[in-house]
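Spelled out, the chains give:
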Amino acid sequence: MATQTLLDPKILSGLSNIELVARTVVDGFLTGMHRSPVFGFSLEFAEYRPYTPGDDPRFIDWNVFSRTDRTYLKRYLGETNTHLMLLVDASASMGFSSHGVSKMQYARFLGAALSYLSIRQHDAAGLIVFDEKVRDYRPPSTRSGHLRSLLHMLEHAEPATGTNLDLPFDHFRQYTTMRGLVAVISDFYMDPASIVKAVRPLAYQGQDIVFFHVLDPAEQKPDFDHSILLEDMETGDQMEISPDFARGEYRERMATHIESLRSEANGIRADYVLLDTSQPLDLALRKYLLFRQRRR
Amino acid sequence: MALLAPWFLLGGLAVGLPLWLHLLDRENPIRLRFSSLMFFEKRRQSSMKERRFRYRMLMALRIALYALLALAFAKPVWKLAAGAGAGDAPGLHIIALDTSLSMNYSDRWDRAVAGAGAVIDDLEPADKAQILAIGPGVRVATQAIGDQTELRAALRSLRPTPSRNSYGDLAEAVRTLAPDADVPVTVHLFSDFQSSAMPGRFSDVALPTMATLEVHNLAEAESPNWTIESVKGTTRVFGGRGARIEATVAGFGAPETKKTVTLLLNGAEVARRSADVPASGRASVVFEDFEPPAGNNRAELVLEPADELPLDDKRLVAIRNAEPSTILFVHSDARRRDLTFFGSALDASAQAMFRVEGASVTQAEQSRLEAYSLLILSDIPQLSQEASARFETYVKAGGSVLVVVGPKATLAGKAALVPEGLEEFNYTARDGQRFQFAGSVDESHPVLGQVKRFQGVKFYRYAKLPLGPEDDVPARLSDGSPLLIERPMGAGRVLILASSLDNIWNDLPVHPVFVPFVLETARYLSGQDQSLRQLSIDSILELSKGRGSGVQVFDPQGERALSLADSATGEDLRLTELGFYELRRSGATELAAVNPDPRESNLRPMEADLVSMWEATGRNDAGEPVEGEESLLAPPPLKLWKLFLVLLVVMTLVESVIGNYHLKIQREV
């Protein structure tokens, strides 16, 4: 179908206008992709709370007062008062690609889609691009033109150097106090425990954390016909490996790493989504959003 | 450094192969940039620098391998310089003394001994010396020793001999001794450098490069010498006939002079003759019409006055005065043509000491065979059984029989003493120009030496003689058929002639060669060896060819020259003493006169240039020893190629280890 064709990452990678891509991706999805624990004005009644001096009297339920002579405030689910913070990994390893779409490109599409989705829902969206340091930062905002600046930032995020999660999370904690959704888009080539250690303070802060683990199919299941000399894109180290190892023990290690990451994420009540860059982004994102929707 | 096979260095071009392969591989590695090696290693990663180092080391090893291989095949050697004082290095001094007859001349031998003694005196403490005596052959008087007392004792024990010498024998001995010495060798040759001692080829006297020749020439400026060079004449007489001897006197390097030749017979003077010998010329004297006593006589011809070399002033001759030997000629021809021809041939030779007695078969069967020196069966098909047995006994006891095959024998298909019978015979018409000539003739056979290969003799008819396992065929016809067969039978022999002696089956009797054929056949079969009359010293007395075995030989001192065992087997004997040897066999005694080799009497020395050339072998133009690969004046060259081969093996092992390590897949276990 045309929508699925447009959503094919290989095709989208040829489009230079990411905003369009993001909008295209978002169309057809349900809104309400997150729940904010912050109560605010909305159409959906949530609960009653006794009135205390200082509360806004506009929310007093007078019907309940007439019946009970007691003053109670109506509380509604705040679906529009949250924000999205994207942490996008732009280290050198994100530049890897075994087919037409690199992980970095995939991360851009994902980040753009999530940003668009958030801002369209009048939620603030922010962006931190990092590698071994914070390279770029946009605090969450709903102002007009903010999406464009986010997309611009994403478009110019090129993979370089190594990876360090501590710095962007520290930065995020320093500049963001509101609770919201934190989406970390990375290939996570680091120890899962150290990842969670860096993220845990945010979880304690009440942030809703999602790990988007972006991997190339060749990274999950490398298949070489002969011995090959591999060069680490971040460290420059070289190593000759055998096809047997690539087909055997490496895949086991990768699977173990993914499972470990998933487990650690569950331990801090963060979501973990494994994304294969060979799969269409809309399908992967749709799958996740439906899962969140069913879970609320 | 020198290269013995420099062309093999071209193989060094093969170093380009590993160079090219390594560079090729370096330019085109299969590489892939990967997002992370995090899951590919848990230990230390091999750095690019380490890998590159290993790669280059492997390339260098392989290049060195090919280079070493080429170099090893080129066979490099390192010539080590002679150390200081190489001239003072211990050496081996071979003191060779000429002990030939010519060294008896004047005081040559005394001077030789004195000179050799001086060499011994000059030996360094580390030197060794070895004494050789040249003539006859080379006799080793001592091994290489440093004990001067022992050397002098060996020197004193030597004496000049009446024999000849050959410098070729000396060179051969030095070539054998010198390579084992491992030190410089100096050959001190004390000799008169007689030209007759020089072999025909100069290369026969060349010494090995590690040996130098020092010449001690003992020849005088002038050395005149006279000798009785040869004696010929009648040495076997019988029936009152007088003997005749002609002696030739020769002068070598001598002025014209008058000499007297005295004939002694059994020690008693018989006659004297004078000879005017021209300068360096020859003169003959004749002794005739003297009757030697019956039996063996020892004749001596003595030249007077004696000269500086008295050993060659005497010539010995054995003269025998005996009744002629009787030959029993058994014939079947009523006209006795074969007997006539045979007897006439013997009578024609003045040297023949035979009397032929003809007999029929019947007469022969009744004769006492032992009285005859030779039996001839001419065209006899068979004998009676008893007679045949007696004939065989005669032969087996050392006698000899000549069997002549003729028409009667071929008609009967058999001949006496030829048990195999006659297979067939060839018949050709006399006028049909179809005949056989003599094909192969062994002229070394005593019977055939004078027959000139039966040239011109036509054989019209002949029998195909059966051959036994031990038969010898000294003569064949042109179609390959045996003409003459010699068959040993016990201690004796049978000679079988395939064609008759009656001038019918062939025309041999009318050819001049018939006489020497008959004479030599008679002499050979009867054991009358004329060569025993005069022999040269060191010649070989071939007793095995004599008439049967069991010969006893006594030397001029009357001592047995052969052991009893050797006497029984008929071993050959080298005649090493001058004088008369006595040979006793089958009841008969013969004398063999042994004289000096006449070549020793010519004292003419070698040309000075030739001596210089000989001395210069092994030296360069400066007179210094030639440096050669085997020169012992310098240490032997170090054979570097052996070292390279060892290195090659080691490097091959190292390359295998490093290559295996380099190519090993880095596995994470």
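Residues numbered from 1 in each chain as written. Chains lettered and ligands numbered in written order. Predicted model: local features only at pLDDT ≥ 70, side-chain atom pairs only at ≥ 80, totals over all residues.

**Student:** Hey, could you go over the overall build of chain A for me, with residue numbers and the actual values?
**Tutor:** Check the secondary structure of chain A and you find twelve helices and ten strands. Relative to its full complement of 296 residues, chain A shows a buried share of 39%. Counting contacts in chain A only where the partners sit at least 6 residues apart, residues at least 24 apart contribute 79% of the total. (Helix = DSSP H or I, 4+ residues; strand = E, 2+ residues; numbered from the N terminus. Buried ≥ 20, exposed ≤ 12 C-beta atoms within 10 Å, placed from the backbone. Contact = placed C-beta atoms within 7 Å.)

**Student:** Pulling in residues and values, what's your account of the overall build of chain B?
**Tutor:** The number of helices and strands found in chain B is 13 helices and 33 strands. For chain B, the proportion of its 669 residues judged to be buried stands at 38%.

**Student:** An account of the nonpolar core is requested, with residue identities and associated values reported.
**Tutor:** Counting 64 residues, the largest nonpolar core has B:Leu375, B:Ile376, B:Val403 and B:Val405 as its most contacted members. In terms of residue count, helix 10 (residues 514-526) of chain B provides more of this core than any other element does, seven residues in total. Other than its neighbours up to four places away in sequence, B:Val403 contacts B:Leu377, B:Ala415, B:Ala416, B:Leu417, B:Val418, B:Val494, B:Leu495 and B:Ile496. A:Ala107, A:Ala113, A:Leu151 and A:Ala284 belong to the second largest nonpolar core, which has 59 residues in total. (Core = buried A, V, L, I, M, F, W, Y, C linked by C-beta atoms within 7 Å.)

**Student:** Describe the sheet that holds strand 27 (residues 535-536) of chain B, and please don't skip the residues or the numbers.
**Tutor:** Residues and elements named next belong to chain B. Read across the sheet, four strands follow the order 27-32-31-29 without closing on themselves; strand pairing throughout is mixed. Whereas interior strands pair on both sides, the edge strands pair on one side only; in this sheet they are strand 27 and strand 29 (552-554). Here strand 31 (residues 579-585) runs beside strand 32 (residues 588-595); their pairing, made up of seven bridges, is antiparallel. In the strand pairing of strand 32, Leu583 is matched with Glu590. (Pairing = 2+ DSSP bridges.)

**Student:** Requested: an account of the environment of B:Tyr55, with residues and values cited.
**Tutor:** When you line up the elements, B:Tyr55 lands in helix 2 (residues 48-73). Note: C-alpha distance between B:Tyr55 and B:Ile658 (603 residues apart in sequence) is 9.1 Å.

**Student:** Outline the sheet that holds strand 1 (residues 2-3) of chain B, supporting the account with residue identities and numerical values.
**Tutor:** Residues and elements named next belong to chain B. If you trace the three strands from one edge of the open sheet to the other, you get 1-3-33, paired in antiparallel fashion. Of all the strands in the sheet, just strand 1 and strand 33 (638-639) have a single pairing partner and so form its edges. Sheet topology note: the strand 3 (residues 76-78)/strand 33 ladder contains two bridges and is antiparallel. Each bridged residue has a counterpart across the sheet, and for Val77 the counterpart in strand 33 is Lys639.

**Student:** Lay out the environment of A:Phe224 in plain terms, naming residues and giving numbers.
**Tutor:** Residue and element names in this part refer to chain A. Position of Phe224 among the secondary structure elements: in the loop between helix 9 (217-220) and strand 8 (228-232). Residue classification places Phe224 among the partly exposed positions, given that 17 C-beta atoms sit within 10 Å. Beyond its immediate stretch of four places on either side in the chain, Phe224 contacts Pro243 and Ala246.

**Student:** Could you give an account of the interface of chain B and chain A, naming the residues involved and the relevant values?
**Tutor:** Contact with chain B, which involves 20 residues of that partner, is made by 25 residues of chain A. If you tally residues by element for the side of chain B that touches chain A, the top one is strand 2 (residues 31-34) of chain B, at four residues. Of the residues assigned to the side of chain B that touches chain A, the class counts are ten nonpolar, five polar and five charged. Sheet topology places strand 8 of chain A next to strand 2 of chain B; four bridges connect them, and they run parallel. Counted as the bridge partner of A:Asp232 is B:Phe34 from strand 2 of chain B. (Nonpolar A, V, L, I, M, F, W, Y, C, P; charged D, E, K, R; others polar.)

**Student:** Give a detailed account of unusual backbone geometry, specifying residues and quantitative values.
**Tutor:** Along the chain, B:Gly135 connects to B:Pro136 via a cis peptide bond; the corresponding omega equals -5 degrees. Secondary-structure assignment places B:Pro136 in the loop between strand 5 (128-134) and strand 6 (138-140). The residue after B:Glu304, namely B:Pro305, is reached through a cis peptide bond having omega -5 degrees. Structurally, B:Pro305 is set in the loop between strand 15 (295-304) and strand 16 (314-321). Despite not being glycine, A:Asp69 has its phi angle at roughly 60 degrees, a positive value. Within the fold, A:Asp69 resides in the loop between helix 4 (62-68) and strand 2 (72-76).

**Student:** Which residues make up helix 3 (residues 108-121) of chain B, and what values go with them?
**Tutor:** All names here are of chain B. Between its terminal C-alpha atoms helix 3 stretches 20 Å, which fits the 20 Å expected from 14 residues at 1.5 Å a residue. Within helix 3, the full set of buried residues consists of Arg108, Trp109, Ala112, Ala116, Val119 and Ile120. Down the axis of helix 3, the sector holding all buried residues measures 115 degrees, keeping them to one side. Of the exposed residues in helix 3, the ones pointing more than 90 degrees away from its buried face are Asp110, Ala114, Ala118 and Asp121. On the buried face of helix 3, the contacting elements are strand 4 (92-98), strand 5, helix 4 (148-157) and strand 7 (185-191). (Expected span 1.5 Å × (residues − 1). Arc of directions from axis to C-beta.)

**Student:** Describe the pairing of strand 20 (residues 400-404) of chain B, and please don't skip the residues or the numbers.
**Tutor:** All names here are of chain B. Extensive coverage of strand 20 is indicated by the burial of five of its five residues. Note that strand 20 and strand 26 (residues 492-497) share five bridges and pair parallel. Bridged to Val404 within strand 26 is Leu497.

**Student:** How would you explain the confidence of the model for chain B if you had to name every residue and give the values?
**Tutor:** All names here are of chain B. Confidence in the prediction of chain B, expressed as mean pLDDT, is 84, and 86% of residues score 70 or more. Within chain B, strand 21 (residues 424-427) has the poorest average pLDDT of any element, 65, and helix 3 the best, 95. Here residues 83-87 scores under 50 on pLDDT; set against residues more than four positions off or in separate chains, the count is two contacts. Low pLDDT (under 50) marks residues 665-669, which in the prediction has 14 contacts with non-local residues, meaning those over four places away or in another chain. Two summary scores accompany this predicted model of the complex, namely pTM at 0.51 and ipTM at 0.74. (pLDDT = per-residue confidence, 0-100.)

**Student:** Break down the packing of helix 6 (residues 337-348) of chain B against helix 10 of chain B for me, with residues and values.
**Tutor:** All names here are of chain B. Put simply, helix 6 and helix 10 touch, their axes get as near as 8 Å, and they point 85 degrees apart. Taken as axis vectors, helix 6 and helix 10 run roughly perpendicular relative to one another. Listed contacts from helix 10 to Phe342, Ala345, Leu346 and Ala348 of helix 6 are Phe514, Val515, Val518, Leu519 and Ala522. Taken together, the residues that form the contact of helix 6 with helix 10 break down as nine nonpolar, no polar and no charged. (Axes fitted to C-alpha atoms, helices over the stretch in contact; angles between N-to-C directions. Parallel < 35°, antiparallel > 145°, perpendicular 65-115°, else oblique.)

**Student:** Can you break down the packing of helix 8 (residues 192-205) of chain A against helix 11 (residues 249-267) of chain A residue by residue, with the values?
**Tutor:** Residue and element names in this part refer to chain A. Running from amino to carboxyl end, helix 8 crosses helix 11 at an angle of 25 degrees, the nearest separation of the two axes being 9 Å. Comparing their axes, helix 11 and helix 8 come out roughly parallel. Regarding helix 8 and helix 11, the two cross each other, and that crossing is right-handed. Of the residues in helix 11, those touching helix 8 at Pro192, Ala193, Ile195 and Val196 are His257, Ser260, Leu261, Glu264 and Gly267. Tallied by class, residues from the contact of helix 8 with helix 11 come to five nonpolar, three polar and one charged. (Left-handed = near helix turned anticlockwise from the far one by under 90°.)

**Student:** Tell me what's going on with the confidence of the model for chain A, and back it up with residues and numbers.
**Tutor:** Mean pLDDT for chain A: 76, with 78% of residues reaching 70 or above. For the stretch residues 14-43 of chain A, pLDDT sits under 50, and the model shows 64 contacts to residues farther than four places along the chain or on other chains.

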